[in-house]
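# Geometric and topological summary
Each chain, written out:
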2 protein chains.
Amino acid sequence: MRSATDPRDDLTARARIRDAAVARFGRDGFGVSLRAIAQEAGVSAPLVLHHFGSKDRLRAECDAHVLATIASHKEGAVGPSGPDHLLVDLAQVESFAPLVAYVLRSVQHGGELARTFFDAFVADAEEYLHAGVAAGTVRPSRDEHARARFLAQQAMGGLLVALTLEPVDDPAQLGARLRAHMDAVALPALELYTEGLMTDRRMLDAYLMYVTDPPGGTPDPDPTPSS
Amino acid sequence: MRSATDPRDDLTARARIRDAAVARFGRDGFGVSLRAIAQEAGVSAPLVLHHFGSKDRLRAECDAHVLATIASHKEGAVGPSGPDHLLVDLAQVESFAPLVAYVLRSVQHGGELARTFFDAFVADAEEYLHAGVAAGTVRPSRDEHARARFLAQQAMGGLLVALTLEPVDDPAQLGARLRAHMDAVALPALELYTEGLMTDRRMLDAYLMYVTDPPGGTPDPDPTPSS
DNA sequence: CGCACGACTGAACGCCCGGTTAGTGTGCTG
DNA sequence: CAGCACACTAACCGGGCGTTCAGTCGTGCG
């Protein structure tokens, strides 16, 4: 019983299965079989069901566990470089790499956790940008929320595409791969962020003119004919 | 025989199966069953194998078909807004929406076609940026290729994340969804592209200083010990 | 001690998968 | 008309999946 191993209590088979599931889900995707998870945890497949009821509930528990773990670590030490680096920094710590892989899989696959994570990223980005604007290091935007969402989406997506096109087999190398991605991205990103891309304001001004005064007015707002 | 239906020749059951496979793969992912594809094409499952040999070869043929179709259309009319808009513009045409969905699925899943497509995107972006630099509308970069890759990766990834987090059920709505994504992204993107993000050059200059003169020198270039 | 209980497992079930086989209909060809 | 090539299908196969079941083992408790 748990009374005998009181301090560990969560390092028992149940937790081992959960950790193995996180690792396998992250490495091979959510289609991985229960038997593979069981083997990774060193137990039999039915024991997984015995503890978690079903594969779906196991997945849900993994979601909650990953969410809670990362959230608690986010509080502990705020990243030096904004939300984009949180996952990258976490992945450098070997023990956290599986969690990061799990998060990336989630975002690749979609679903509840992915949206939760992404919303948190956007919120972090917005907060970070707001601090920059207040400190005078970041230009204000005409729509701060849209900008935060845009930047988070682009950064997350770019990372995901890079990892998808050149997948990392060994989760121990995930940290190095993420670091390499940041290195490859650093120069163009900093260039873009400080110098922009365009040499003049024509396109932006044209767009601003367009949204405030659409050329076609409001054409046929309810195009439902009589038939 | 094909001599009887000479002009159609490619609209026979084989092509119908291929199109059904493209549609299903794009809508439900590559895990979709052969039976579902067969049902969509209105034939029996073994007929799919009869024509294509195996699921893998069917997938390969879909890859080639999608690649060829989009490539031929790309030649026909070069997009007015660079490579990012090619898929978006194509998806507006209802008949092309399944192909676009297939491409996005490919990039989400990884693999050969994904890399081929992505490399083509990068090449298009590089060409487009180069033209802009030559015309004086786009600032030059210290690493043109890295910038093109960066922008393509971010744009593609951002689109993918947006669609993954809020998936589109009906392929007929894909065009509208992509348009909505471009609308949501237009303002922050144009702001970033024309005005940048930073108010000063400190971070960029610090980075440039760092890469040309790393603080740690060249630490242990070949860390292979004697053992 | 005896007993109940939870952790745990081997075997098996039902299902669906990709793929195979054996055969049917059909239309062209000689 | 006979022969034949081809598109096409019903039935089936082995295998892997999530899940269930019956039972064993170890252990704390009356």
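Preceding block: the structure.
Because the structure is a prediction, the values reported are computed rather than measured.

Here is what the cut-offs are and how they apply
Residues numbered from 1 in each chain as written. Chains lettered and ligands numbered in written order. Predicted model: local features only at pLDDT ≥ 70, side-chain atom pairs only at ≥ 80, totals over all residues. Heavy atoms only, no water. Helix = DSSP H or I, 4+ residues; strand = E, 2+ residues; numbered from the N terminus. Contact = heavy atoms within 4.5 Å. Salt bridge = Lys/Arg side-chain N within 4 Å of Asp/Glu carboxyl O. Buried < 20%, exposed > 50% of the residue type's maximum accessible area, 1.4 Å probe, protein only. Core = buried A, V, L, I, M, F, W, Y, C linked by side-chain atoms within 4.5 Å. Expected span 1.5 Å × (residues − 1). Buried area = accessible area lost by both parts, 1.4 Å probe. Polar contact = N/O pair within 3.5 Å; in protein donor to acceptor, adjacent residues only side chain to side chain. Phe/Tyr/Trp six-rings, centres within 6.5 Å; stacked < 30°, edge-to-face > 60°. Least-squares fit on C-alpha atoms with pLDDT ≥ 70 in both. Near = heavy atom within 4 Å.

## What about the environment of Leu 204 of chain B?
With respect to the element layout, Leu 204 of chain B can be found in helix α10 (residues 202-212). Not counting chain neighbours up to four residues away, the residues in contact with Leu 204 of chain B comprise Leu 190, Glu 191, Thr 194 and Glu 195 of chain A together with Arg 142 of chain B.

## Observations regarding the pattern of salt bridges
For side chains bearing opposite charge, pairing can occur when the charged atoms are close. Evaluation of the coordinates by the stated rule reveals 30 salt bridges over all chains. Between Arg 202 of chain A and Asp 200 of chain A there is a salt bridge, with the nearest N and O atoms lying 3.4 Å from each other. By relative accessible area, Arg 202 of chain A is classed as exposed at 58%. Owing to a relative accessible area of 26%, Asp 200 of chain A belongs among the partly exposed residues under this scheme. Arg 14 of chain B is the salt-bridge partner of Glu 61 of chain B, the closest N and O atoms lying 2.0 Å from each other. With Glu 61 of chain B in helix α4 (residues 55-76) and Arg 14 of chain B in helix α1 (residues 13-28), this pair connects stretches of sequence that are 47 residues apart. When its relative accessible area of 31% is taken as the criterion, Glu 61 of chain B is described as partly exposed. One salt-bridge network, held together by shared partners, links Arg 142, Arg 201 and Asp 205 of chain A together with Glu 191 and Glu 195 of chain B.

## Examining the nonpolar core
With 124 residues, the main nonpolar core has Ile 70 of chain A together with Phe 25, Leu 58 and Ile 70 of chain B as its most contacted residues. Ignoring anything within four residues of it in the chain, the contact list for Phe 25 of chain B reads Phe 30, Val 32, Ile 37, Lys 55, Leu 58, Arg 59, Cys 62, Tyr 102 and Arg 105 of chain B.

## Concerning helix α7 (residues 112-135) of chain B
All names here are of chain B. The end-to-end C-alpha separation of α7 is 35 Å, in line with the 34 Å expected for 24 residues at 1.5 Å each. Considered for burial, the residues of α7 that qualify are Leu 113, Ala 114, Phe 117, Phe 118, Phe 121, Val 122, Asp 124, Ala 125, Leu 129 and Gly 132. One or two residues past the end of α7 sits Gly 136, with phi positive at roughly 85°.

## Some thoughts on the interface of chain B and chain A
With 55 residues of chain B at the interface, the matching set in chain A holds 55 residues. At the boundary of chain B with chain A, total buried surface from both sides reaches about 5,200 Å², with 64% on carbon and sulfur atoms. Where chain B meets chain A, there are 8 salt bridges. In this structure, Glu 166 of chain B and Arg 115 of chain A form a salt bridge, with 3.9 Å as the shortest nitrogen-oxygen distance. Our count for the contact surface shared by chain B and chain A stands at 25 residue pairs in polar contact (both at pLDDT 80 or more). Counting residues per element, the ones that place at least two in the side of chain B that touches chain A are α6 (97-109), α7, α8 (144-165), α9 (174-195) and α10 of chain B. The biggest single contributor to the side of chain B that touches chain A is α8 of chain B, with 15 residues.

## Describing the packing of aromatic side chains
All names here are of chain A. Summed over the entire model, instances satisfying the criterion amount to 6 aromatic pairs over all chains. When the ring of Phe 25 is compared with that of Phe 30, the centres are 5.3 Å apart and the planes differ by 45°; the resulting orientation is tilted. Here Phe 25 and Phe 30 have matching classes, each one buried. With a centroid separation of 5.5 Å and an interplanar angle of 90°, the aromatic rings of Phe 30 and Tyr 102 are classed as edge-to-face. On the criterion of sequence distance, the pair formed by Phe 30 in the loop between α1 (13-28) and α2 (34-41) and Tyr 102 in helix α6 (residues 97-109) is long-range, its members being 72 residues apart. Given the relative accessible area of 0%, Tyr 102 is considered buried.

## Quick notes on the relation of the copies chain B and chain A
For the match of chain B to chain A, the screw axis carries a shift of 0.0 Å, the RMSD comes to 0.1 Å, and the turn is 180°. In symmetry terms, the pair is related by a two-fold rotation axis. Here 100% of the interface residues in chain B have copies in chain A that are interface residues too; the copies meet face to matching face.

## Quick word on the protein's contact with DNA strand D
Around DNA strand D, the surrounding shell holds 16 residues, and the nearest of these are Leu 34, Arg 35 and Lys 55 of chain A together with Ala 13 and Ser 44 of chain B. Backbone atoms, meaning sugar plus phosphate, form 54% of the atoms of DNA strand D positioned within 4 Å of the protein. The separation between a base nitrogen of DNA strand D and a polar side-chain atom of Arg 35 of chain A is 2.9 Å. Taking Lys 55 of chain A, its side chain carries an N or O atom lying 2.7 Å from a phosphate oxygen of DNA strand D. Elements with a contribution of two residues or more to the surface near DNA strand D: α2 and α3 (45-52) of chain A together with α3 (45-52) of chain B. Top element by residues in the surface near DNA strand D is α3 of chain B. It accounts for 4 residues.

Geometric descriptors of this kind do not, in isolation, establish any biological role.
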